[in-house]
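# Coordinate inspection notes
Residue-level listing of the chains:
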Amino acid sequence: NILTPVAHGDTLFSSSYGGKTLGFKVTQSDGKFACEEAWRHKSQGYMSTPVVIDGVAYTHLKSQRMMAIEVATGRELWTSRTSFGKYLSLVAQGGRILGLDQRGQLFLLRADKESFELLDERKLGDAETWAHLAAADDELFVRELNALTAYRWGGS
């Protein structure tokens, strides 16, 4: 497992490299926790930790496409036709998702469970950007090979 599992409600969402996307139900009884597989999906997440908005995980796949999947049920809502880089660091604010790939390409996506929508994209630099995006309030921090840059993330 390369991506960081994400908890939503009583479900732990994860994906395994070379494997499947999985949902685990976590329960507690008499002060002890239990975890058991609730669903399995054929898609393969890669390195990027998904963002969860309103019970939907938006995740970057090994196929370099994006997928929206219900965390509680494992039901696939859509998979993009658009492909992205080998890696896509994701952060969300409201109904918007920013994704930065290893080439320094920044993508703005709408978090929509009905369909994939790419709103905009920008090239931020020429150096590789394998680090995670960091967001704080309206600031976005991007670390590339030899620099750290701060941007303002705002507007409607």
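Quick note: structure is the one above.
Residues numbered from 1 in each chain as written. Predicted model: local features only at pLDDT ≥ 70, side-chain atom pairs only at ≥ 80, totals over all residues. Heavy atoms only, no water.

## Comments concerning the sheet that holds strand E6 (residues 56-60)
If you walk across this open sheet you meet the four strands as E5-E6-E7-E8, and the pairing is antiparallel. Pairing within the sheet leaves two strands with one partner each, and these edge strands are strand E5 (51-53) and strand E8 (76-83). Taking each pair of neighbouring strands and ignoring which way they run, the sheet shows an average axis angle of 20°. Sheet topology note: the strand E7 (residues 65-70)/E8 ladder contains four bridges and is antiparallel. By the bridge assignment for E8, Ile-69 is matched with Glu-76. (Pairing = 2+ DSSP bridges. Helix = DSSP H or I, 4+ residues; strand = E, 2+ residues; numbered from the N terminus. Axes fitted to C-alpha atoms, helices over the stretch in contact; angles between N-to-C directions.)

## Things to note about the sheet that holds strand E3 (residues 21-29)
Taken together, the four strands give an open sheet; going across it, the order is E1-E2-E3-E4, and neighbouring strands pair in antiparallel fashion. Two strands bound the open sheet, and with one partner strand each, they are strand E1 (6-8) and strand E4 (32-41). Strand-to-strand twist of the sheet, defined as the mean angle between neighbouring strand axes without regard to direction, takes the value 30°. Taken together, the three bridges between E1 and strand E2 (residues 11-15) define a ladder with antiparallel strand orientation. Paired with His-8 across the bridge in E2 is Thr-11.

## Regarding the environment of Lys-25
Counting through the fold element by element, Lys-25 comes out in strand E3. Taking C-alpha positions, Lys-25 is 39 Å from Lys-123, a pair spaced 98 residues apart along the chain. Here the side chain of Lys-25 touches Asp-10 through a polar contact of 3.4 Å, side chain to side chain. (Polar contact = N/O pair within 3.5 Å; in protein donor to acceptor, adjacent residues only side chain to side chain.)

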